[in-house]
Amino acid sequence: MQIKLIILDFDGTLATTEEANMRAYLMALREEGIELSIEKYKSEYFGMRCPEFLRTIGITDEVQSDRVRRRKIELYPTLFDSVHLNEPLWNFVQDFRAQGGKVWIVSTSQKENITNAMRHLGIEGKVDGVLTSSDALEPKPSPEAFLKAMEREGVTPAETLIFEDSVVGIAAAKASGAAYFKVTLKG
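Reference entry: report on the structure contained in this document. Each residue is numbered by its place in its chain's sequence as written, counting from 1. The predicted origin of the model limits local features to residues at a pLDDT of at least 70 and limits the giving and counting of side-chain atom pairs to 80 or more, whereas totals for whole chains, interfaces and linings rest on all residues. Side-chain calculation: all heavy atoms of the structure are included, whereas hydrogens and water are not.

**Regarding the side chain of Ser107**
- Here a helix means four or more residues in a row that DSSP labels H or I, a strand means two or more in a row labelled E, and each is numbered from the N terminus. Within the secondary structure, Ser107 is located in the loop between strand S2 (102-106) and helix H6 (111-121).
- A distance of 3.0 Å separates the side chain of Ser107 from the backbone nitrogen of Ser109, its partner in a polar contact.
- A contact between two residues is defined here by any heavy atoms of the two lying within 4.5 Å. Ser107 has contacts with Asp9, Phe10, Asp11, Ile114, Leu131, Thr132, Ser133 and Lys140, leaving out every residue within four places of it along the chain. Pairing of N or O atoms within 3.5 Å defines a polar contact, subject to two protein rules: one partner must be a possible hydrogen donor and the other a possible acceptor, and residues neighboring in sequence count only if both atoms are side-chain atoms.

Structure (C-alpha cells):
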C-alpha cells in the first residue's frame, strides 16, 4: 500500500526543543519559588503534558498552574537560540508533499508553543495540519491524536508513516497501527 500521510512529532523529532522547553519551565518555576534540577526534569518530567507535569511536582492550584503555564509560554520564544530544525527530515517531508503526500504535526505540546517554534523555524503554514494537546482528550501513549490526523485526511494506518522520538510517542504510533520510525536528534 502507498504512504499518503506522514505524521511528525515536533519536540525532539522535527526540532531540537528540549533545551528551550526545559529552561523555560525551570525559569517559570523559579519565579514561583520552586527549584527543580535540570537532571530531575530531564529524567522524570520531559515529554509530559504541562498540566500533568505541574500536578506531578505538586502544583494543584489552578490559578498557580495557569500562571506557570502562561509564563512558560512567554519565556519559551526568548530561548529559541537552542531550537533547530531537523533539516534532513524536513527536506524529506517537503519532497513528499511536493509529490502529493500530506504531512501533519501531532504533538503533546501546547498550540502556542508549537506555533511560536514553527514561526521561528520558518515553517509555519508549510504542513497540512497540526494537532496539539488541546485537540486530544488522551495524551500519548494513546493513539487518539494520530488516529484523528488519519481520519481528517481520510487515510488508513497502512497508508500512514509516523516519525517519533519518545517512548510514549513510539507506544502511541504502535497502538495506531501505522508504520513508524524512531528519530534521535542531537543538540
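**Looking at the packing of aromatic side chains**
- Each pair of aromatic rings taken from Phe, Tyr and Trp, with Trp reduced to its six-membered ring, is defined by centres within 6.5 Å and is described as stacked if the planes are under 30 degrees apart, edge-to-face if over 60, and tilted in the remaining cases. This model, assessed by the stated rule, comprises seven aromatic pairs.
- Summarising the aromatic geometry, the rings of Tyr25 and Tyr41 are spaced 6.0 Å apart at their centres and angled 45° between planes, so their arrangement reads as tilted. Within this pair, whereas Tyr25 is found in helix H1 (residues 18-31), its partner Tyr41 is found in helix H2 (residues 38-45), the two being separated by 16 residues in sequence.
- Using a relative accessible area of 5% as the deciding quantity, one classes Tyr25 as buried. Buried residues are those whose accessible area, probed at 1.4 Å on protein chains only, stays under 20% of the maximum for their type, while exposed residues exceed 50% and partly exposed ones sit between those limits.

**Let's talk about H1**
- What a helix should span is 1.5 Å times the count of its residues minus one. For H1, spanning 14 residues, the distance from its first C-alpha to its last is 20 Å, which sits close to the expected 20 Å at 1.5 Å a residue.
- Of all the residues in H1, the buried ones are Ala20, Asn21, Met22, Ala24, Tyr25, Leu26, Ala28 and Leu29.
- The inward-facing, buried residues of H1 contact H2, helix H3 (50-56) and helix H4 (62-75).
- Trailing H1 by a residue or two, Gly33 shows a phi angle of about 85°, which is positive.

**Quick notes on the pattern of salt bridges**
- Definition used for salt bridges: Asp or Glu carboxyl oxygen within 4 Å of a side-chain nitrogen of Lys or Arg. Following the criterion strictly, the structure yields 15 salt bridges and no others.
- Asp66 is the partner of Arg69 in a salt bridge, and the nearest nitrogen-oxygen pair spans 2.9 Å. Of this pair, Arg69 and Asp66 both sit in helix H4, three residues apart, roughly one helical turn.
- Among the charged side chains, a network of salt bridges with common partners joins Asp9, Lys140 and Glu164.

**Points about the packing of H1 against H2**
- One can describe the packing of H1 onto H2 by two numbers: an axis separation of 11 Å at closest approach and a directional angle of 115°. Seen along the crossing, H1 lies across H2 with a hand that is right-handed. Contact residues: H1 offers Glu18, Met22, Tyr25 and Leu26, while H2 offers Ile38, Tyr41 and Lys42.
- Gly falls in the polar group here, along with every residue not listed as nonpolar (Ala, Val, Leu, Ile, Met, Phe, Trp, Tyr, Cys, Pro) or charged (Asp, Glu, Lys, Arg). Its residues assigned to classes, the contact of H1 with H2 comprises five nonpolar, no polar and two charged. Angles here are taken between N-to-C directions and fall from 0 to 180 degrees, while the axes themselves are lines fitted to C-alpha atoms, restricted in helices to the stretch in contact. In a left-handed crossing the near helix is turned counterclockwise from the far helix by less than a right angle, and in a right-handed crossing that turn is clockwise.

**Some remarks on the packing of H1 against H4**
- Orientation of H1 relative to H4, taken along the N-to-C sense of each, is 130°, at an axis distance of 8 Å. In terms of orientation, H1 and H4 fall into the oblique class. In the packing of H1 onto H4, the handedness of the crossing is right-handed. In this structure, H1 contributes Asn21, Ala24, Tyr25, Met27, Ala28, Leu29 and Glu31 to the contact, and H4 contributes Val68, Arg71, Lys72 and Leu75.
- Considering only residue class, the contact of H1 with H4 consists of seven nonpolar, one polar and three charged. Roughly parallel means an angle under 35 degrees; roughly antiparallel means over 145; roughly perpendicular covers 65 to 115; every other angle is labelled oblique.

**Considerations on the pairing of S2**
- Most of S2 sits inside the fold, with four of its five residues counted as buried.
- Strands qualify as paired when DSSP identifies two bridges or more between them. When strand S1 (residues 5-8) meets S2, the two strands line up parallel, connected through four bridges. Paired with Leu8 across the bridge in S2 is Ile105.
- Note that the unit made of S2, H6 and strand S3 (residues 129-131) has a crossover that is right-handed. Here the term right-handed applies to a crossover when the path leading from its first strand over the helix to its second strand runs clockwise, the strands being oriented away from the viewer.

**Things to note about the nonpolar core**
- What we call a nonpolar core is a set of buried Ala, Val, Leu, Ile, Met, Phe, Trp, Tyr and Cys residues that are connected through their side-chain atoms within 4.5 Å. Core analysis: the biggest nonpolar cluster contains 41 residues, and Ile6, Leu8, Phe10, Leu14, Tyr41, Phe53 and Ile123 have the highest contact counts within it.
- Top element by residues in this core is H1. It accounts for seven residues.
- Residues in contact with Ile6, not counting those within four places in the same chain, are Phe92, Val93, Phe96, Lys102, Val103, Trp104, Leu161 and Phe163.

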